[in-house]
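A closer look at the structure
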Amino acid sequence: MAGMVDKQEVRNMPKTIAQYFIQRWLEANFYTSHLKVEYTDGHEAKITDQNGDTACVVYEEGEIFLKEA
């Protein structure tokens, strides 16, 4: 149905400014259609690629970086 939003998509929408910046960073650096993104808290997201590999994306003091999951 046109205009309907998937529940999974809504669950993964950013809810904080930090999450919004993480989302923008991911879109600029990855093919996000190939990633599963789970926001773990207001400043961090766990990403999983199509191979099952994971990493954490962190927004801290205006900087975004990856760390091992």
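Residues numbered from 1 in each chain as written. Predicted model: local features only at pLDDT ≥ 70, side-chain atom pairs only at ≥ 80, totals over all residues. Heavy atoms only, no water.

On to the pattern of salt bridges, then. Using the criterion set out here, one finds two salt bridges in the structure. Notably, a salt bridge pairs Lys36 with Glu38, separated by 4.0 Å at the nearest N-O pair. A relative accessible area of 45% means that Lys36 is categorised as partly exposed. On the basis of relative accessibility, which here comes to 30%, the residue Glu38 falls in the partly exposed class. One salt bridge connects Lys67 with Glu44, and the closest N-O pair in it is separated by 3.6 Å. Separated by 23 residues along the polypeptide, Lys67 in strand β4 (residues 63–68) and Glu44 in strand β2 (residues 44–48) bring together distant segments of the chain. (Salt bridge = Lys/Arg side-chain N within 4 Å of Asp/Glu carboxyl O. Buried < 20%, exposed > 50% of the residue type's maximum accessible area, 1.4 Å probe, protein only. Helix = DSSP H or I, 4+ residues; strand = E, 2+ residues; numbered from the N terminus.)

The next point concerns the packing of aromatic side chains. Considering all chains together, one arrives at three aromatic pairs under this definition. Clustering of aromatic rings is evident, with ring pairs tying together Tyr20, Phe21 and Tyr59. (Phe/Tyr/Trp six-rings, centres within 6.5 Å; stacked < 30°, edge-to-face > 60°.)

What follows deals with the nonpolar core. Of all hydrophobic cores here, the largest spans eleven residues; its members are Ala18, Ile22, Leu26, Leu35, Val37, Tyr39, Ala45, Ile47, Ala55, Val57 and Tyr59. Excluding residues that lie within four positions of it along the chain, Tyr59 makes contacts with Ala18, Phe21, Ile22, His43 and Ile64. (Core = buried A, V, L, I, M, F, W, Y, C linked by side-chain atoms within 4.5 Å. Contact = heavy atoms within 4.5 Å.)

Let's shift gears to the side chain of Thr48. With respect to the helices, strands and loops of the structure, Thr48 is situated in strand β2. Not counting residues up to four positions away in its chain, the partners in contact with Thr48 are His34, Leu35, Lys36, Glu38, Asp53 and Thr54.

Taking 1.5 Å per residue as the helical rise, helix α2 (residues 17–29) with its 13 residues ought to reach 18 Å, and the 19 Å between its terminal C-alpha atoms agrees with that figure. Residues Ala18, Gln19, Ile22 and Leu26 constitute the buried set of α2. End-on view of α2: buried residues confined to an arc of 95 degrees, all on one side of the axis. The exposed set on the far side of α2, more than 90 degrees from its buried face, consists of Ile17 and Ala28. Considering only its buried residues, α2 is in contact with β1 (36–41), β2, β3 (54–60) and β4. (Expected span 1.5 Å × (residues − 1). Arc of directions from axis to C-beta.)

Turning to the side chain of Glu44, a few remarks are in order. Accessibility expressed as a relative area gives 16% for Glu44, which makes it buried. If we ignore the near neighbours within four places in the chain, the residues touching Glu44 are Ile22, Glu38, Tyr39, Cys56, Val57, Val58 and Lys67.

It is worth spelling out the environment of Met13 at this point. Here Met13 lies in the loop between α1 (7–11) and α2. Under the relative-accessibility criterion, Met13 is labelled partly exposed at 42%. Between the alpha carbons of Met13 and Tyr39 there is a distance of 8.7 Å; along the sequence they are 26 residues apart. In contact with Met13, other than residues within four places in its own chain, are Gln19 and Tyr39.

None of the figures reported here should be taken as evidence of function without further support.
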